[in-house]
Amino acid sequence: GEKFTGFIVEKSDAGVSIGPEEHKMGIRGSSTCELILDNVRVPKDRLLGRIGKGHKIAFGILNIGRLKLGVGSVGGSKYALKLAVDYSKERKQFNKPICEFGLIRHKLGRIACGIYATESMGYRATGMIDAFVAAGGRATAVGHDHESRVQQALEEYAIECAILKVFGTEQLDFTIDEALQIFGGYGYTEHFPIERLARDARINRIFEGTNEVNRLLIPATLLKRAVMGRLKLLDFVSQVKEELKNPDLIPLHVDGSTVGRERRATELAKRITCYVADIAIQKHMAELEERQDILGALADLLIDVYLMDSVVARTGQNVPSFGRDRTIIQREMCALLVADAYDRVVQGARRLAASIAEEDELQVIFSNIDKLYVVRPVNQSRALERIAVAVLETGGYPVLG
């Protein structure tokens, strides 16, 4: 009837049949067929969970699938990077290995940075889920066995799972595309493994809810929780408004730590995101669910803020743990990733503002964004060169821990 309920069917049950094998462009080692259910009778002992609660199981599976896709993208990216490094050392042009050319080195550096970002976001999300489960879940929840706590944790961190899925799978595509470019024409042939990776990776942006669906889910879930009082988002928006009225309140100082500048940029990016999000919500609250352009733009801002926050947190912990000498490359990656994400947040906020405001109001919004855009850029060429040297010396991803 009206209840969503999970249940189990066996392949041998009457009415259960399997369609023909699908021929796919990638993941050909994975069997994909249509499951056909024709008047199948399901006994009571095949119930999965509780009657009427099947949607919780379905969403839990989606969330953990998104988490795994994001984390799994790290492994795929590391493999693609190693292939690219090995080939760039062997392939010669103009009497020297192509790994000595600046643009190739920059590609290797960018790939390594992307892996560091996804890995940091993955460590953070899985760490929070593990901590939630270990702490016993929510006190108000029904059921406190391990399975119930895991289900609660996946629901609690559904936003992080969606963020990790979107960023990780798109970063994997970027990594493989750049690696294939390093291989040149050979990369487009079946003789080299990078061709298979390019086909296999494409499905990840479709699995477990397309990246477009996940982009809609990220801000929608955040706003829903804010309205329910589960997040102090509205308090933070009020704080940002007060800071913009009195710029002396804006946190422009560097805290003196190794990643002080990056932490400051992250705090400013949070304020820019909340500021334009509040304007968009106030103007289009009634139709926000239908304004996928606004939701998608907000999702991209939130993804970059989560990236910045995760990279800064990880690097800030690792420097005192491993020492400055052993974290030189991590600090270079952190600075580069945060600078790039900060610029994307500013430009994304300006584009979003231009789509929801005009003339004098738009100029006021731009002026307020500019008050929060005060972190100077980094020397990207120097940072990428240092990272590329570490990649080539290591033979792949250069960061441990």
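Given the structure is predicted, the values throughout are model-derived calculations rather than measurements. (Residues numbered from 1 in each chain as written. Predicted model: local features only at pLDDT ≥ 70, side-chain atom pairs only at ≥ 80, totals over all residues. Heavy atoms only, no water.)

Q: Just give me the short version of the packing of helix H9 (residues 292-322) against helix H10 (residues 328-356), but keep the residues and values in it.
A: Axis separation between H9 and H10 bottoms out at 9 Å; the angle between their running directions is 160°. Between H9 and H10, the crossing angle belongs to the class labelled roughly antiparallel. The crossing of H9 and H10 is left-handed. Along the lines of polarity and charge, the residues of the contact of H9 with H10 split into 19 nonpolar, four polar and three charged. (Axes fitted to C-alpha atoms, helices over the stretch in contact; angles between N-to-C directions. Helix = DSSP H or I, 4+ residues; strand = E, 2+ residues; numbered from the N terminus. Parallel < 35°, antiparallel > 145°, perpendicular 65-115°, else oblique. Left-handed = near helix turned anticlockwise from the far one by under 90°. Nonpolar A, V, L, I, M, F, W, Y, C, P; charged D, E, K, R; others polar.)

Q: Could you give an account of the layout of surface pockets, naming the residues involved and the relevant values?
A: Put simply, the largest pocket is a space of about 1,100 Å³. Secondary structure elements with two or more residues in the lining of the largest pocket: helix H2 (102-134), helix H4 (158-183), helix H6 (211-228), helix H7 (233-245), helix H8 (260-284) and H9. The greatest single-element share of the lining of the largest pocket, amounting to nine residues, is contributed by H6. Residue classes in the lining of the largest pocket are distributed as 26 nonpolar, two polar and eleven charged. (1 Å grid on protein atoms, 1.4 Å probe; cavity = no way out; pocket = protein on both sides within 12 Å on 5 of 7 lines; lining within 4 Å. Points joined across faces, edges and corners; volume = space filled by probe spheres on them.)

Q: If you had to explain the side chain of Asp-340 to someone new, which residues and values would you point to?
A: Position of Asp-340 relative to the elements: it lies in helix H10. A relative accessible area of 18% means that Asp-340 is categorised as buried. A polar atom in the side chain of Asp-340 sits 2.6 Å from the side chain of Gln-380. Apart from the residues lying within four places of it in its own chain, the contact partners of Asp-340 are Arg-110 and Gln-380. (Buried < 20%, exposed > 50% of the residue type's maximum accessible area, 1.4 Å probe, protein only. Polar contact = N/O pair within 3.5 Å; in protein donor to acceptor, adjacent residues only side chain to side chain. Contact = heavy atoms within 4.5 Å.)

Q: How would you explain the nonpolar core if you had to name every residue and give the values?
A: One finds Leu-81, Ile-194, Met-333 and Tyr-342 to be the most contacted residues of the largest nonpolar core, which totals 108 residues. When residues in this core are grouped by element, the largest group, 16 residues, is from H10. Excluding residues that lie within four positions of it along the chain, Leu-81 makes contacts with Leu-108, Ile-111, Ala-112, Ile-115, Val-391, Gly-396 and Tyr-397. (Core = buried A, V, L, I, M, F, W, Y, C linked by side-chain atoms within 4.5 Å.)

Q: Tell me what's going on with helix H5 (residues 194-201), and back it up with residues and numbers.
A: Among the eight residues of H5, six are classified as buried, and the element is accordingly described as predominantly covered. Among all positions in H5, only Ile-194, Glu-195, Leu-197, Arg-199, Asp-200 and Ala-201 are buried. Contacts made by the buried residues of H5 are with helix H1 (54-90) and H4.

Q: Explain the pattern of salt bridges to me, and be specific about the residues and the numbers.
A: Summed over all chains, the structure comprises 28 salt bridges. The shortest N-O distance in the salt bridge between Glu-267 and Lys-270 comes to 3.2 Å. You can see Glu-267 and its partner Lys-270 sitting in helix H8, three residues apart, about one turn around the helix. Taking relative accessible area as the criterion, Glu-267 reaches 26% and is therefore assigned partly exposed. (Salt bridge = Lys/Arg side-chain N within 4 Å of Asp/Glu carboxyl O.)

Q: Lay out the confidence of the model for the chain in plain terms, naming residues and giving numbers.
A: Overall, the predicted model of the chain reaches an average pLDDT of 93, with 98% of residues at or above 70. Averaged pLDDT values for the elements of the chain fall to 88 in helix H3 (residues 146-156) and rise to 98 in H4. (pLDDT = per-residue confidence, 0-100.)

Q: A description of the packing of aromatic side chains should follow, citing residues and the corresponding values.
A: All told, the structure shown has seven aromatic pairs when counted by the stated rule. Taken together, a centroid distance of 6.1 Å and an interplanar angle of 90° make the contact between Phe-132 and Tyr-157 edge-to-face. In this pair, Phe-132 is assigned in helix H2 and Tyr-157 in the loop between H3 and H4, connecting sequence segments 25 residues apart. Here Phe-132 and Tyr-157 have matching classes, each one buried. With a centroid separation of 5.4 Å and an interplanar angle of 40°, the aromatic rings of Tyr-186 and Phe-192 are classed as tilted. Judged by relative accessible area, Tyr-186 falls into the partly exposed class, the value being 47%. (Phe/Tyr/Trp six-rings, centres within 6.5 Å; stacked < 30°, edge-to-face > 60°.)

Q: Account for H3, with residues named and values stated.
A: Looking at H3, one finds that the buried residues are Ser-148, Arg-149, Gln-152, Ala-153 and Leu-154. Buried-residue contacts for H3 involve H1, H2 and H4. The N-terminus of H3 is capped by Asp-145, whose side-chain oxygen sits 3.1 Å from the backbone nitrogen of Glu-147.

Q: How would you summarise the environment of Lys-96 if you had to cite specific residues and measurements?
A: As for its placement among the helices and strands, Lys-96 is situated in strand S6 (residues 96-97). Here Lys-96 falls in the partly exposed class, since its relative accessible area comes to 32%. Excluding its chain neighbours within four sequence positions, the residues that come into contact with Lys-96 are Arg-91 and Phe-101.

Q: Please provide a residue-by-residue account of the environment of Arg-350, values included.
A: With respect to the element layout, Arg-350 can be found in helix H10. The exposure class assigned to Arg-350 is partly exposed, which follows from its relative accessible area of 25%. Note: C-alpha distance between Arg-350 and Ile-272 (78 residues apart in sequence) is 9.6 Å. Setting aside residues no more than four positions away along its own chain, Arg-350 makes contact with Phe-366, Ile-369 and Asp-370.

Q: For the side chain of Thr-266, give the residues involved together with the corresponding values.
A: With respect to the helices and strands, the residue Thr-266 is situated in helix H8. At 2.8 Å, the side chain of Thr-266 forms a polar contact with the backbone oxygen of Glu-262. Not counting chain neighbours up to four residues away, the residues in contact with Thr-266 comprise Met-308, Asp-309, Val-312 and Val-338.

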